[in-house]
Amino acid sequence: MALNLDIIGKRSEPLTFTYDWKDAVLYALGIGAQEDELDFLIETSGPKVYPTFAVIPTFEANVQTLVKLGGNLLMVLHGGQKIVLHRPIPPSGKLSTTSVVSAIYDKGKGALVIVDCETVDEKGERLFDNQWQIFYRGEGGFGGSRGPETQGGVPPAREPDFCAEQKTRATQALTYRLSGDLNPVHANPQIAQLAGFPRTILHGLCTMGFAGRAVVKHACGGDPARLRSLEVRFSKIVFPGDTLVTSGWRDGGRVVVQTSTRERGEPVLTNAVAEISG
């Protein structure tokens, strides 16, 4: 089914998302939080909320927009993600998200869909924004613009300022999916193979969450309020059980980030930049 190009620029109705501290903790466990991160894991500490949790309240709004857009969702790849934090995320609340397809680019063999989401709290105050970059395999060739060249961080030719090695569990995707992304390619080996993968793959947003944890720890001094934005490109797939190695190069108030797998030595998150306050 061809993509519905008429949807471009039409903002959705608000979609609400209610959560409490248990949801924040489940997400933290889904992105690999360990016993030395108790401020993010127990209610007596708030808990603190990882900034990358911002993708969770907007996930369903993005999915509903993609359903209206059409196309074969089994042929979808998550190309990239950007979050912008306006304030720290509270450990509970009722949020509202609107979404809009801001652009669809013709990449020849596929189409790159840009979905922008804006999320506000119960008072209507802006909390965070998300940009979803979704690649539809086989939907290109419709004669549209190829879009701008990817802008992002390129690691400088020097040793990184920090390097964090994080082991994912064989069940990591099965834990992460409990936060809302039930795409079967992350849980069912048969479906993953139908989609063209050798076995189940880790959610790209889970990999982003691991990288976000490393940035909060090593570039923000453990304070999630200091992370103002994070943008990544999903360059390669990750398998549950892989070891992620996230490196960061400080450049003033920004950090260039790159995540690779220890097992294959290939970058899986590239063109990544975090903006840090303070």
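Now for a description of the structure that goes with this document. Note that the structure is predicted; figures quoted are calculated from it, not measured.

1. Some thoughts on the pairing of strand β5 (residues 126–137)
Argument step 1. In this structure, strand β2 (residues 76–85) lies alongside β5, joined through nine bridges in antiparallel fashion. The residue of β5 that forms the bridge with G80 is Q133.
Argument step 2. Pairing of strand β4 (residues 110–120) with β5, which is carried by 11 bridges, proceeds in the antiparallel orientation. What sits directly across from G110, in β5, is R137.
Argument step 3. In this antiparallel pair of consecutive strands, β4 and β5, the connection spans five residues, and G124 shows a positive phi of 80 degrees.

2. Concerning helix α1 (residues 21–30)
Residues spaced three or four apart along an α-helix point in a common direction, a consequence of the helix completing one turn every 3.6 residues.
Argument step 1. When we look at burial in α1, the residues that qualify are A24, V25, Y27, A28 and G30.
Argument step 2. Two or three places before K22, at the start of α1, stands the capping residue D20, its side-chain oxygen 3.0 Å from that residue's backbone nitrogen.
Argument step 3. Phi for G32, located one or two positions after α1, is positive at around 90 degrees.

3. A few points about the sheet that holds β5
Argument step 1. The strand order across the open sheet formed by 10 strands is β1-β3-β4-β5-β2-β7-β10-β9-β8-β6, and the pairing between neighbours is antiparallel. Only two strands of the sheet have a single neighbouring strand rather than two, namely β1 (15–19) and β6 (162–167). The sheet shows a mean angle of 20 degrees between the axes of neighbouring strands, direction not considered.
Argument step 2. Pairing between strand β3 (residues 93–106) and β4: 10 bridges, direction antiparallel.

Reading the values: rules and limits
Residues numbered from 1 in each chain as written. Predicted model: local features only at pLDDT ≥ 70, side-chain atom pairs only at ≥ 80, totals over all residues. Heavy atoms only, no water. Pairing = 2+ DSSP bridges. Helix = DSSP H or I, 4+ residues; strand = E, 2+ residues; numbered from the N terminus. Buried < 20%, exposed > 50% of the residue type's maximum accessible area, 1.4 Å probe, protein only. Polar contact = N/O pair within 3.5 Å; in protein donor to acceptor, adjacent residues only side chain to side chain. Axes fitted to C-alpha atoms, helices over the stretch in contact; angles between N-to-C directions.

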